[in-house]
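# Architecture at a glance
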Amino acid sequence: MKVHWIETAEAHLDAIYAYIAQDSKTYALHTVDRITRRSQQISEFPLSGRKVPEYELEQIREVFSGP
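Predicted model, so just to flag it, every value in this text is computed and none were measured. (Residues numbered from 1 in each chain as written. Predicted model: local features only at pLDDT ≥ 70, side-chain atom pairs only at ≥ 80, totals over all residues. Heavy atoms only, no water.)

## Structural notes on the overall build of the protein chain
- For the protein chain, the helix and strand inventory stands at 2 helices and 2 strands.
- Across its three principal directions, the C-alpha atoms of the protein chain cover 40 × 20 × 20 Å.
- Of all intrachain contacts in the protein chain linking residues separated by at least 6 positions in sequence, the fraction that spans at least 24 positions is 29%.
- Surface accessibility of the protein chain: about 5,400 Å² in total, with carbon and sulfur atoms responsible for 56%.
- Put simply, the protein chain has 8 plus and 10 minus side-chain charges, and the middle of one group is 5 Å from the middle of the other. (Helix = DSSP H or I, 4+ residues; strand = E, 2+ residues; numbered from the N terminus. Contact = heavy atoms within 4.5 Å. Areas by Shrake-Rupley, 256 points an atom, 1.4 Å probe, with all protein chains shown as cover. Lys, Arg positive; Asp, Glu negative; His and termini not counted. Charge placed at Lys NZ, Arg CZ, Asp CG, Glu CD.)

Okay, structure coming up:
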């Protein structure tokens, strides 16, 4: 399964990194890594995320990552 990140999600990831990096570039990288590893979960286990309610299609999934 291939995971696609939409432009908005990529922009949010960049913004998360920039915000955290103001205090700690190390923790910013750790956080971005943790988030991107969650997308690998979907790649390996396609039905592990929840269906996106806006689309109601079995093959469109999303996962959440804590703060």
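## As for the confidence of the model for the protein chain
- A residue-level look at the protein chain finds 100% of positions with pLDDT of 70 or above and a mean pLDDT of 88.
- The lowest-confidence element of the protein chain is strand 2 (residues 61-62), averaging 80 in pLDDT; the highest-confidence one is helix 1 (residues 7-21), averaging 96. (pLDDT = per-residue confidence, 0-100.)

## Describing the layout of surface pockets
- Considered as a void within the structure, the largest pocket measures approximately 1,000 Å³ in volume.
- Forming the walls of the largest pocket are 33 residues, and the residues nearest its centre are H4, A9, R61, E62 and V63.
- By residue number, the principal contributor to the lining of the largest pocket is helix 2 (residues 25-44), which donates 7 residues. (1 Å grid on protein atoms, 1.4 Å probe; cavity = no way out; pocket = protein on both sides within 12 Å on 5 of 7 lines; lining within 4 Å. Points joined across faces, edges and corners; volume = space filled by probe spheres on them.)

## Overview of the environment of T31
- Note on placement: T31 falls in helix 2.
- Between the C-alpha atoms of T31 and E44, which are 13 residues apart in sequence, the distance is 20 Å.
- If we skip the residues at most four places from it in the chain, T31 touches I16 and I20.

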